[in-house]
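A structural walkthrough
Take a look at the letters that make up each chain.
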Amino acid sequence: MLFLCSYFLTFGEIDFLVLMRKSWWKILAVVMIAISIVAGLLGPVPVLPILNETIRNVYFHVPMWFAMVFLYLISVIYSIKYLNSGNRNYDLLAVEAVNVGILFCACGLMTGMLWANITWGEPWPNDPKLNGSAIATLMYLAYLVLRNALEEEQKRAKISAIYNIFAFPIMVVLLYILPKMTDSLHPGSGGNSTFGDLDMDNYMRPVFYTAVIGWILIGSWIMTLRYRVRLIEDKKNSF
């Protein structure tokens, strides 16, 4: 992930689009998702108390959050690039990354609520990480509302870019830092061990990482498709 981010910061938009138009990584994304779904649903999992077969949700719930954070990070990078250059295409890439990131956020919340209802007895217990995720989701929805509320194109792009840059670190604090400092039901937070420490065996880890990379690639693919559609719409509106 860090390698890709450094790539986006080093090279221009043209290089990024050339990379994204290649077909190999799209085929790889589909193959990786297919493998993770089949192996995730049919493969063996550890026999664990409380979790039982629901541990399979780790192949679906957690990768959604990885893809979401990756897309939000890409959005921040292009917001910074827009402020440095004034290139409107960077602003379009930033907003489309957020649009797709919110889609993955919704999938993460739904799969998480389903898992929580089975393992914790209710879909939304009073948990710091859950409450933080709700606040972070509202922040990014507010980003989209802000964009729609401003009519002047350049003003909208600049204000939303600044908002986006500040929203990302706040989201990181809400999702990853505060839960570790308080009592939380989530693994890896509040003194709880992570899945990797106790629950995931040598079969689960490769499937899990395959799912993470696959969904990140799928999210990037959707983002580039939405960006290209936005460019076509802009060309039509300019005539």
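No experiment lies behind these values; they were computed from the predicted model shown.

What counts as what
- Residues numbered from 1 in each chain as written.
- Predicted model: local features only at pLDDT ≥ 70, side-chain atom pairs only at ≥ 80, totals over all residues.
- Heavy atoms only, no water.
- pLDDT = per-residue confidence, 0-100.
- Helix = DSSP H or I, 4+ residues; strand = E, 2+ residues; numbered from the N terminus.
- Contact = heavy atoms within 4.5 Å.
- Salt bridge = Lys/Arg side-chain N within 4 Å of Asp/Glu carboxyl O.
- Buried < 20%, exposed > 50% of the residue type's maximum accessible area, 1.4 Å probe, protein only.
- Core = buried A, V, L, I, M, F, W, Y, C linked by side-chain atoms within 4.5 Å.
- Phe/Tyr/Trp six-rings, centres within 6.5 Å; stacked < 30°, edge-to-face > 60°.
- Lys NZ or Arg CZ within 6 Å of the ring centre and 35° of its normal.

Focus: the confidence of the model for the chain
- On average, residues of the chain carry a pLDDT of 84, and 83% of them reach 70 or more.
- Across the chain, the element-wise mean pLDDT spans from 48 in helix α1 (residues 2-10) up to 94 in helix α4 (residues 61-85).
- The model gives residues 7-14 a pLDDT under 50, and that stretch makes 17 contacts with residues more than four places away or in other chains.

Some thoughts on the pattern of salt bridges
- Taken as a whole and assessed by the stated rule, the structure comprises four salt bridges.
- Note that Asp91 and Arg147 form a salt bridge whose closest N and O atoms lie 2.9 Å from each other. Here Arg147 lies in helix α6 (residues 128-149) and Asp91 lies in helix α5 (residues 88-119), a separation of 56 residues in the sequence.
- Given a relative accessible area of 5%, Asp91 falls into the buried group.
- Judged by relative accessible area, which is 8%, Arg147 ranks as buried.
- Across the salt bridge formed by Arg230 and Glu96, the nearest N and O atoms sit 2.7 Å from each other. Separated by 134 residues along the polypeptide, Arg230 in helix α9 (residues 204-238) and Glu96 in helix α5 bring together distant segments of the chain.
- Given a relative accessible area of 1%, Glu96 falls into the buried group.
- Salt bridges linked by common partners bring Glu96, Arg226 and Arg230 together as one network.

Focus: the nonpolar core
- In this structure, Met68, Tyr72, Phe104, Tyr140, Phe168, Met171 and Trp215 are the most contacted members of the largest nonpolar core, which totals 62 residues.
- The set of elements that each furnish at least two residues to this core consists of α3 (24-42), α4, α5, α6, α7 (153-181) and α9.
- Among the elements that line this core, the one with the most residues is α4, at 15 residues.
- In this view, Tyr140 contacts Tyr72, Val98, Ile102, Asn164, Ala167, Phe168 and Met171; residues no more than four positions away in its chain are not counted.

With respect to the packing of aromatic side chains
- On inspection of all chains with the given rule, the structure shows seven aromatic pairs.
- Here the aromatic rings of Tyr72 and Tyr140 are separated by 3.8 Å at their centres, their planes lie at 10 degrees, and the arrangement is stacked. Of this pair, Tyr72 sits in helix α4 while Tyr140 sits in helix α6, and the two are 68 residues apart along the sequence. For the pair Tyr72 and Tyr140, a shared accessibility class is recorded, and that class is buried.
- Taken together through their ring pairs, the aromatic side chains of Phe66, Phe208 and Tyr209 make up a single cluster.
- The aromatic ring of Tyr90 is capped on one face by Lys81, whose charged end is 5.1 Å from the ring centroid.

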